[in-house]
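# Remarks on the overall topology
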Amino acid sequence: MAKVMEGLYYSESHEYVRVEGNIGFIGISDYAQHELGNVVYVDMPEVDDEVSAGEEFGAVESVKAASDLIAPVTGVVLEINEALEDQPELINGDAYANWIIKVELADKTELDKLMDAKAYAAFCEK
């Protein structure tokens, strides 16, 4: 069974947001990396790009499939996880420690539309 971490917000497209103040760390869930298999490439936006909730901001490619990354929240990209450019497989090792982008949150009320750990775990079991 995939790990679901408490204290994060989850989307139906399997991205998570870890919130620290007004900053959101966005990555894919453990469930998503299990479904994808060995990650071989992560396509990320540029710093200062704006991402919008529900819109594509990049992609994760594995040996099995490519999957679009859908932003769970709106914000401006402050940082990308450059380690993933050379070692995309870090996501397979620990999806929660290896976020993909860090954004400044435009509207924290968007978090209310996302699932908590309990709701997400139930969603993944369907």
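Look a little higher up for the structure.
First things first, this report covers the structure right here in the doc. Sequence order sets the numbering: in each chain, residues are counted from 1 along the sequence as written. Two thresholds apply to this predicted model, a pLDDT of at least 70 for residue-level local features and 80 or more for giving and counting side-chain atom pairs, whereas whole-chain, interface and lining totals are computed over all residues. Each side-chain value is derived from all of the structure's non-hydrogen atoms; neither hydrogens nor water enter the calculation.

Each helix is a run of DSSP H or I of at least 4 residues and each strand a run of E of at least 2, with the numbering of both proceeding from the N terminus. As for its position among the elements, asparagine 92 is in helix H3 (residues 90–93). Using a 1.4 Å probe on the protein chains alone, a residue whose accessible area is under 20% of its type maximum counts as buried, one over 50% counts as exposed, and one in between counts as partly exposed. Judged by relative accessible area, which is 19%, asparagine 92 ranks as buried. Contacts: residue pairs with any heavy atoms within 4.5 Å of one another. When near neighbours in sequence (up to four residues on either side) are disregarded, asparagine 92 contacts Gln33, Gly37, Asn38 and Val39.

What follows covers the packing of aromatic side chains. Only the six-membered ring of Trp is used, alongside the rings of Phe and Tyr, when aromatic pairs are assigned; centres must lie within 6.5 Å, and planes under 30 degrees apart are stacked while those over 60 apart are edge-to-face, with the rest tilted. Applying the stated criterion to the full structure yields five aromatic pairs. Relative to tyrosine 96, the ring of tyrosine 16 has its centre 5.2 Å away and its plane inclined at 55 degrees; by these criteria the two rings are tilted. Separated by 80 residues along the polypeptide, tyrosine 16 in strand E2 (residues 15–20) and tyrosine 96 in the loop between H3 and strand E9 (101–105) bring together distant segments of the chain. Here the two residues tyrosine 16 and tyrosine 96 agree in accessibility, since each one is buried. Ring geometry for phenylalanine 25 and tryptophan 99: centres 5.5 Å apart, planes at 70 degrees, overall edge-to-face.

Glancing now at the pattern of salt bridges. Once the charged atoms of two side chains with opposite charge are near each other, the side chains can pair. One side-chain nitrogen of Lys or Arg within 4 Å of one carboxyl oxygen of Asp or Glu is enough to make a salt bridge. This structure, assessed with the given rule, holds two salt bridges. For the salt bridge of arginine 18 with glutamate 20, the shortest nitrogen-to-oxygen distance reads 3.2 Å. Note on arginine 18: relative accessible area 24%, which makes it partly exposed. Note on glutamate 20: relative accessible area 42%, which makes it partly exposed. Note that glutamate 79 is salt-bridged to lysine 102, the shortest N-O span being 2.9 Å. Here glutamate 79, found in strand E8 (residues 75–80), pairs with lysine 102, found in strand E9; they are 23 residues apart in sequence, far enough to count as distant.

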